[in-house]
Amino acid sequence: MTGYRSDVPENWFVDPVNLGVPGVRRPDHDEDTALAWQTDALCSQTDPEAFFPEKGGSTRDAKRICSSCDVRGECLEYALNNDERFGIWGGLSERERRKLKRQAAG
Ligand code: SF4
């Protein structure tokens, strides 16, 4: 273990080296394609704690990184499809993603 806070999900980032290794994440998922975008994830080169701030903590740093990330769209789509509840994905916070979903639902 690397000493991250316990509220950082262990599966939040899959090491690109492990992509394609069967069973490393959700065995019933087609993770090869579902997570392929993570090889270009800018946040993989940064501190993951910025993406899982304490309640009320700043999301500014994470969002700034997301804004220059090449796979922002894929990341957000993945988070929405998989109902990721915690953290910043695709530049949006939990609350912003919920809002987006509500809007999409009409
Ligand atoms: S959009 Fe943000 S959270 Fe998603 S992969 Fe890029 S840097 Fe990471």
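Every chain begins its residue count from 1, and numbering advances along the sequence as written. Predicted model: local features are reported for residues with pLDDT of at least 70 only, side-chain atom pairs are reported and counted for 80 or more only, and whole-chain, interface and lining totals are derived from all residues.

In the annotation of an unreviewed UniProt entry, the entry for the chain reads Transcriptional regulator WhiB, and the organism field reads Microbacterium aerolatum. UniProt positions are given in the numbering used here, feature names are shortened, and annotations may be inferred rather than shown by experiment. Among the UniProt annotations of the chain, the heading Function (unreviewed entry) holds the following wording: "Acts as a transcriptional regulator. Probably redox-responsive. The apo- but not holo-form probably binds DNA."

J.: Looking at this structure, I do not really get unusual backbone geometry. What am I missing?
T.: Peptide bonds are, in most cases, trans, and in most cases residues other than glycine have a negative phi. For Asp 83, which is not a glycine, the phi torsion comes out positive at approximately 55 degrees. Mapping Asp 83 onto the fold places it in the loop between helix H3 (72-81) and helix H4 (94-105). Numbering of helices and strands starts at the N terminus; helices are DSSP runs of H or I of at least 4 residues and strands are runs of E of at least 2.

J.: How should I be thinking about the nonpolar core in this particular structure?
T.: Nonpolar side chains tend to gather and get buried jointly when the protein is soluble and globular. Judged by nonpolar contacts, Ala 41, Cys 43, Phe 51, Ala 62, Ile 65, Cys 66, Cys 75, Ala 79, Ile 88, Trp 89 and Leu 92 together constitute the single largest core of eleven residues. Put simply, the parts of the chain that give this core at least two residues each are helix H2 (60-67) and H3. When residues in this core are grouped by element, the largest group, three residues, is from H2. We define the nonpolar core as any set of buried residues of the types Ala, Val, Leu, Ile, Met, Phe, Trp, Tyr and Cys, connected via C-beta atoms lying within 7 Å of each other. Here a residue counts as buried when 20 or more other C-beta atoms fall within 10 Å of its C-beta, as exposed when 12 or fewer do, and as partly exposed in between; the C-beta atoms come from the backbone.

J.: Would you mind going over the site of the ligand with me for this structure?
T.: Using a C-beta atom placed from the backbone for every residue, we mark a residue as near a molecule or strand if that atom lies within 6 Å of it. Residues in contact with the ligand amount to 14 residues; listed here are only the nearest, Ala 41, Cys 43, Cys 66, Cys 69 and Cys 75. Counting residues per element, the ones that place at least two in the shell around the ligand are H2 and H3. Amino acid classes used here: Ala, Val, Leu, Ile, Met, Phe, Trp, Tyr, Cys and Pro are nonpolar; Asp, Glu, Lys and Arg are charged; the rest, including Gly, are polar. Of the residues that constitute the shell around the ligand, the class distribution is eleven nonpolar, two polar and one charged.

J.: What's the story with the UniProt feature "binding site: [4Fe-4S] cluster" (unreviewed entry) in the chain in this structure? I'm lost.
T.: Annotation from UniProt places "binding site: [4Fe-4S] cluster" (unreviewed entry) at Cys 43, Cys 66, Cys 69 and Cys 75. Spanning 33 residues, the named residues form one tight spatial group whose C-alpha atoms are at most 10.8 Å apart. Considering the arrangement of structural elements, one finds Cys 43 in the loop between helix H1 (31-34) and H2. Assessed through the 21 C-beta atoms surrounding it within 10 Å, Cys 43 is described here as buried. Throughout, a residue-residue contact means that the two C-beta atoms, derived from backbone geometry, are no farther apart than 7 Å. Excluding residues that lie within four positions of it along the chain, Cys 43 makes contacts with Pro 48, Phe 51 and Ile 65. With respect to the element layout, Cys 75 can be found in helix H3. For Cys 75, a count of 24 C-beta atoms within 10 Å gives the class buried. If near-sequence neighbours (up to four positions away) are discounted, Cys 75 is found in contact with Trp 37, Ala 41, Trp 89 and Gly 90.

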